[in-house]
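Structural overview for review
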Amino acid sequence: MTQLRIRDAAAFLGVSDDTVRRLVDGGTFDRATDDAGRAVVDGRQVAEYARARSTELAAPDTGVKSSARNRFVGIVTDLVVETVMAQVELQCGPHRVVSLMSAEAVRDLGLEVGSVAVASVKATMVTVEAPTHQEDPR
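A brief report on the enclosed structure follows. (Residues numbered from 1 in each chain as written. Predicted model: local features only at pLDDT ≥ 70, side-chain atom pairs only at ≥ 80, totals over all residues. Heavy atoms only, no water.)

Some words on the sheet that holds strand 2 (residues 31-33)
Heads up, the condition is: Strand pairing is assigned whenever DSSP identifies at least 2 bridges connecting the two strands. Elements are defined by DSSP. Helices are runs of H or I of four residues or more, strands are runs of E of two residues or more, and each kind is numbered from the N terminus. For helices, the fitted axis covers only the stretch in contact; all axes are lines through C-alpha atoms, and the angles between them, taken along N-to-C directions, range from 0 to 180 degrees. Whether two residues are in contact is decided by their heavy atoms, any of which lying within 4.5 Å being enough.
Judged by pairing direction, the sheet is antiparallel, and its 3 strands sit side by side in the order 1-3-2 without closing on themselves. Across the chains shown, the open sheet's two edge strands, defined by having one partner strand only, are strand 1 (3-5) and strand 2. Direction aside, the axes of adjacent strands within the sheet are offset by 50 degrees on average. Inspection of the sheet shows strand 1 paired to strand 3 (residues 39-42) by 3 bridges, in the antiparallel sense. Across the sheet, the residue bridging to Q3 is D42, located in strand 3. Contacting strand 1 and strand 3, helix 1 (residues 6-13) runs over the sheet at an angle of about 90 degrees to strand 1.

Printed below as a string of structure tokens:
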């Protein structure tokens with residue numbers, strides 16, 4: 001069983017340490033103690049909670065069907081628009097997403113700093129890495 005420290009579970013869920021402690025107190029996560037005496041929670045329970053929550057936090061239904069499963073709702077934090085191309089930066093929770101697109105697309109979408117937008121990502125290859133030890137990989 002993978003055990004996560006409270007602070008790591010909070011970081012992965014995008015919530016505060018106190019929120020994870022409240023979830024433990026409420027019975028959502030079982031609390032245990034690791035070999036060093038630190039409070040930990042079951043990684044599987046955190047994963048199940050994150051998966052259930054992801055449907056609650058999903059991008060709003062726009063009535064458009066898409067094969068992209070990786071959708072991130074965020075706020076435009078930076079725009080660099082030149083004659084033909086543009087760089088759009090979104091902050092989607094803890095994730096920074098940068099997209100290169102045509103300047104025409106930026107104008108058509110009405111994007112500006114402070115706009116809410118959805119980044120849809122469809123990749124032909126995604127690399128997954130795992131740390132060799134159970135410490136935080138960040």
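From this point on, the discussion continues.
Some details on the environment of N70
Keep this limit in mind: Type-normalised accessible area, obtained with a 1.4 Å probe on protein chains alone, sets the label of each residue: buried when under 20%, exposed when over 50%, and partly exposed for intermediate values.
With respect to the helices and strands, N70 occurs in strand 4 (residues 70-81). Classification of N70 by relative accessible area gives partly exposed; the value is 39%. Ignoring sequence-local partners within four residues, the contact set of N70 consists of A119, S120 and V121.

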